[in-house]
Amino acid sequence: MSSAQATPHRVHGTPDRLRVAIGSGVGTTIENYDFIGFGTAAALYFGDVFFPDSDPLSATLLSFATLGIGFAVRPLGGVLGGFLGDRIGRKPVLVGSLLLMGLATVCIGLLPTYQQVGVLAPILLVLVRVVQGLAFGAEWGGAILMTYEHAPWRKRGQYTAIPQAGFPLGLLLANFAFLASTPLGDQWAWRVPFLLSAVLVFVGIVIRYKIAESPEFEELKGDGEVVKNPITEVLRSDWRNVLRAFCLRITETAGYAVAITFMLTYLVQGDDPLTDKSVTLTAVVTAAGIGLFTTLGFGRLADRFGRRPVYLFGCTLVVLFGVPMFLLVNTGVAALIVATFVISFAICQNSLAAVQGAWFAELFRTKTRTSGASLAYQGSAIVSGFTPLLATTLFSAFSWIGPALLFSAYGLLGLIATLMTAETWGPQQRAETARLEAATPQPALD
C-alpha cells in the first residue's frame, strides 16, 4: 500500500514518530552487534577455537558453515516474526526477539572450546547459532514496520533508514569490541564482545518496552481486518513482490558476505598474509563509522528522488566494483584496504540497505506487510549466509577472481530486480502527499 492510499490524517506521522524510530534503531543496533559479531569471530577466531584438528582451509570452511546455519534459519524466524507481527502486533515481536538474541549471544561468550570438551563444543556453537538466527529473523520486520507506520509519509525513507543504520552501528560496535579486546589474547578476545552484549540488551529492552504500538496495526485490529494466516495470504496474493524484494535484498546482504565477511579471512590467511587482523578490523570500523551517516543520507535521497534511482545506483556500483575491489586489497597497502572497505560497505551496501525499509514496506498491504517484507528480507539470508563458504570454495578453485565475479553477479541480479520492481514513491505519490500535507494539521512531537 502506497503512502497516498493510507489514512490521510497520519500524513505527518504520529507524535511518537521519532521515539519509535530511535527505539527501533537501538534494538537493531544491538541485534546486529550480536549477529555480526559472530561473523567477525568466525572469520578471525572460531576456526582455531572450535575446529582445531582441521587444516586451515577446512577450519575456515567449517567456521563459515556454522555462520551460514544462522542465516539459514533466519527465514523461519522471519516467518514466525511476520506471522506474530501481523496477528498480535509489531511491539511484542520487537521485545521478544531482542531478549532471545541477547540470551543466545551471551551464551556464545560462555561456550567451552574444542580443547575443553571436544566435539561437544562445535555442536553447542551450532545450537546457539540457530537460536540467534531465529531471533534475528523475527527482528527486522517489526522494527522497520513500526518505524514506517509511525513516520511522516514524505520522510519514510529517512525514518526507516534510522533502524537500517543499526547495521553499520552494530558492525562498528562489534568490530570495535573485537579490536579493543585483541590484547586480551585469543581465549578472551572473542569472548568479551559477546559477554558485553548483556548490557546492550538490557538498555534496548527498556527502550523498546516504552514505545507505542503501530497505529496502522491498531486501526486494522479495530476494524476486525487482521488476517488469520498472513503468511498464506501474502504468498497467494503477492508472491511476485516477495520474489522481487528477495532478489533486491540478495545484492546487499550477499554482497556484504563477500566484501566483508569473506574478505576478513582472505586478507589474513596463509603464511604470507596481505595484512594483519588489526588492519582489517580498523578497515571495518572505519567503513562502519562512515556507513552510519551514508545510510541516513541515502534514506533522504530515496525520499527526494524515489526508491528505484537510488537502488539502481547501488546495484550498478556493485557490478562494476567486483574486480577493482580485489585488485585494491591485493596491493597490501593499508590505506587502500581501508578505502576498499569504505566503498564496498559505506557506499555499495548502505545505498541499498537504506532504501529497503521504505520500499519493501510499500510493496505490501498493511494486513500482510510484516509477513511479506520479512519473508523477502530474511529469505535472502539463505543465500547470503552460505556466500562466504561459496566464496572460499571459488577462491580455492580460481583464486581471487572467483569471489570477485561472484560479488559482481550479485549486483547484476539486483540490477535486473530493480528494473522489474514498481516505483512506490515516484513523482505522482510525492505530489499527492504534498497536497495532503498542506491540507492536514501537523501533530507535535511527543
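Residues numbered from 1 in each chain as written. Predicted model: local features only at pLDDT ≥ 70, side-chain atom pairs only at ≥ 80, totals over all residues. Heavy atoms only, no water.

Draft legend 1. Region of the structure containing the overall build of the protein. Along the protein, the regular secondary structure elements total 22 helices and zero strands. Its C-alpha atoms give the protein a radius of gyration of 21 Å, near enough to 22 Å, the size a compact globule of 446 residues would have. Seen through its C-alpha atoms, the protein measures out along the principal axes to roughly 70 × 40 × 40 Å. Residue burial in the protein is summarised as follows: out of 446 residues, 59% are buried. Sequence separation of 24 or more characterises 88% of the internal contacts of the protein that already satisfy a separation of 6 or more. (Helix = DSSP H or I, 4+ residues; strand = E, 2+ residues; numbered from the N terminus. Rg over C-alpha atoms; globule rule 2.2 N^0.38 Å. Buried < 20%, exposed > 50% of the residue type's maximum accessible area, 1.4 Å probe, protein only. Contact = heavy atoms within 4.5 Å.)

Draft legend 2. Seen up close, the side chain of D303. Looking at the secondary structure, you find D303 in helix α15 (residues 277–305). Residue classification places D303 among the buried positions, given a relative accessible area of 9%. Beyond its immediate stretch of four places on either side in the chain, D303 contacts R154, K155, R156, G157, Q158, W425 and R430.

Draft legend 3. How the structure looks around the nonpolar core. Counting residues in each nonpolar core, the largest one holds 60 residues, and the members touching the most others are F46, F50, W190 and F341. With 11 residues, the single largest contributor to this core is helix α14 (residues 239–268). (Core = buried A, V, L, I, M, F, W, Y, C linked by side-chain atoms within 4.5 Å.)

Draft legend 4. How the structure looks around the state of the cysteines. A full pass over the atoms with the stated rule returns zero disulfides. Cysteine C315 remains unbridged, with the sulfur of C348 as its closest cysteine sulfur at 9.8 Å. (Disulfide = S-S within 2.5 Å.)

Draft legend 5. Seen up close, a nonpolar patch on the surface. A surface patch of nonpolar side chains, amounting to about 430 Å² of accessible area, comprises V117, V119, L120, I123 and L127. By the secondary structure assignment, L120 is in helix α6 (residues 120–150). The class of L120 is partly exposed, set by a relative accessible area of 41%. (Patch = residues over 30% accessible without salt bridge, like charges linked within 9 Å, V, L, I, M, F, W, Y side chains within 5 Å. Areas by Shrake-Rupley, 256 points an atom, 1.4 Å probe, with all protein chains shown as cover. Salt bridge = Lys/Arg side-chain N within 4 Å of Asp/Glu carboxyl O.)

Draft legend 6. Up close: the pattern of salt bridges. Going through the model one piece at a time under the given rule, you end up with nine salt bridges. When the shortest N-O distance is used, the salt bridge between E432 and R435 registers 2.6 Å. Of this pair, E432 and R435 both sit in helix α22 (residues 427–439), separated by three residues, roughly a single helical turn. Assessed through its relative accessible area of 26%, E432 is described here as partly exposed. Under the relative-accessibility criterion, R435 is labelled partly exposed at 47%.

Draft legend 7. Structural detail: helix α3 (residues 74–87). With 14 residues, α3 extends 19 Å between its outermost C-alpha atoms, agreeing within 8% with the 20 Å of an ideal straight helix rising 1.5 Å per residue. Inspection of α3 places R74, P75, G77, G78, G81, G82, G85 and D86 among the buried residues, and these make up the whole buried set. The buried residues of α3 occupy an angular sector of 150° when the element is viewed end-on, so they sit on one face. In the stretch just after α3, G89 is the one whose phi turns positive, near 125°. (Expected span 1.5 Å × (residues − 1). Arc of directions from axis to C-beta.)

Draft legend 8. Local environment of unusual backbone geometry. In this structure, S399 is a non-glycine residue whose phi angle is positive, near 65°. On the basis of relative accessible area, S399 is assigned to the partly exposed category, the value being 36%.

Draft legend 9. The arrangement of the confidence of the model for the protein in detail. Overall, the prediction assigns the protein a mean pLDDT of 86, with 94% of residues at 70 or greater. When the criterion is pLDDT under 50, residues 1–6 qualifies, and its contacts beyond four places in sequence or with other chains add up to 20 contacts. (pLDDT = per-residue confidence, 0-100.)

Draft legend 10. Region of the structure containing helix α16 (residues 307–329). When the terminal C-alpha atoms of α16 are compared, their 32 Å separation across 23 residues agrees well with the 33 Å that a helix rising 1.5 Å per residue should span. Maximum bend of α16: about 50°, positioned at F321, with proline P324 one to four residues after it. Among the residues of α16, R307, V310, Y311, G314, C315, V318, F321, G322, M325, F326 and V329 are the ones counted as buried. On the buried face of α16, the contacting elements are α7 (156–164), α14, α15, α17 (334–362) and α21 (401–420). (Bend = angle between axes of the 7 residues up to and from the residue.)

Draft legend 11. Representation of the packing of aromatic side chains within the structure. This model, assessed by the stated rule, comprises 14 aromatic pairs. Judged by centre distance (6.2 Å) and plane angle (20°), the rings of Y45 and F178 are stacked. With a gap of 133 residues between them, Y45 in helix α1 (residues 17–50) and F178 in helix α8 (residues 166–181) connect regions that are remote in the sequence. According to the relative accessible area criterion, F178 is buried, its value standing at 1%. Geometrically, the ring pair formed by Y266 and F326 is edge-to-face, given 5.3 Å between the ring centres and 70° between the ring planes. A residue pair is termed long-range when its members are at least 10 positions apart, and Y266 in helix α14 and F326 in helix α16 qualify at 60 residues. Accessibility expressed as a relative area gives 0% for F326, which makes it buried. Among the aromatic residues, ring-to-ring pairing joins F262, Y266, F326, F395 and W400 into one connected group. Above the plane of the ring of Y148 lies R156, whose end atom (NZ or CZ) is 4.0 Å from the centre. The cationic tip of R249 hangs over the ring face of Y377; the distance from NZ or CZ to the ring centre is 3.5 Å. (Phe/Tyr/Trp six-rings, centres within 6.5 Å; stacked < 30°, edge-to-face > 60°. Lys NZ or Arg CZ within 6 Å of the ring centre and 35° of its normal.)

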